Amino acid sequence: MAAALAAIGSGEAAKEAFVAEVRRERPLLQAALAAIGARTWPSRANFVTAYVPDAAAFSSALAAEGIRIRSWPGKPGRDGMIRITCPGDEAEFDYLLGALERIGRLG
């Protein structure tokens, strides 16, 4: 809630810059995931959803890099699905891309 209030208080220009950054990041994140063997779906949101062979291992590998993502272990129809939020920050996004490179090719 505090983050949302801070974002609202930062003004229209800051919001527009954030949205523009997310729009820049989203196709790059999709490409980075595809490069390591993940299958992504089209998105217009602030996140990318993908299928990976082992979502639990993928989530753990990113967690070891300090990055938390969403997955649904044991959920019927969602096994192997992950969701990564675009950070909307160039430095954080570069770190995410580096972490994906360090994880390397999937299964």
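Residues numbered from 1 in each chain as written. Predicted model: local features only at pLDDT ≥ 70, side-chain atom pairs only at ≥ 80, totals over all residues. Heavy atoms only, no water.

Novice: Got a minute to help me understand the nonpolar core in this structure?
Specialist: Note that soluble globular proteins tend to have their nonpolar side chains buried in a common cluster. Counting 22 residues, the largest nonpolar core has L29, L33, F58, L62, I82, I84 and L100 as its most contacted members. For this core, the secondary-structure elements that each account for two or more residues are α2 (12–35), β2 (47–51), α3 (55–64), β4 (81–85) and α4 (90–103). The residues touching L29, leaving out its near neighbours within four places in the chain, are V48, I84, C86, F93, L96 and L100. (Core = buried A, V, L, I, M, F, W, Y, C linked by side-chain atoms within 4.5 Å. Buried < 20%, exposed > 50% of the residue type's maximum accessible area, 1.4 Å probe, protein only. Helix = DSSP H or I, 4+ residues; strand = E, 2+ residues; numbered from the N terminus. Contact = heavy atoms within 4.5 Å.)

Novice: So what exactly am I meant to see when it comes to a negative patch on the surface here?
Specialist: Residues D89, E90, E92 and D94 make up a contiguous surface patch of negative charge. Counting through the fold element by element, D89 comes out in the loop between β4 and α4. (Patch = residues over 30% accessible without salt bridge, like charges linked within 9 Å, V, L, I, M, F, W, Y side chains within 5 Å. Areas by Shrake-Rupley, 256 points an atom, 1.4 Å probe, with all protein chains shown as cover. Salt bridge = Lys/Arg side-chain N within 4 Å of Asp/Glu carboxyl O. Lys, Arg positive; Asp, Glu negative; His and termini not counted. Charge placed at Lys NZ, Arg CZ, Asp CG, Glu CD.)

Novice: Sorry, what's going on with the packing of aromatic side chains here?
Specialist: Pairs of aromatic rings are described using the distance from one ring centre to the other and the angle between the two planes. The full count for this structure, using the stated rule, is zero aromatic pairs. One cation-aromatic arrangement involves R83 over F47; the distance from NZ or CZ to the ring centre is 4.3 Å. A cation sits over an aromatic face here: R102 above Y95, 5.4 Å from the ring centre. (Phe/Tyr/Trp six-rings, centres within 6.5 Å; stacked < 30°, edge-to-face > 60°. Lys NZ or Arg CZ within 6 Å of the ring centre and 35° of its normal.)

Read these as layout, nothing more, since geometry by itself doesn't imply function.
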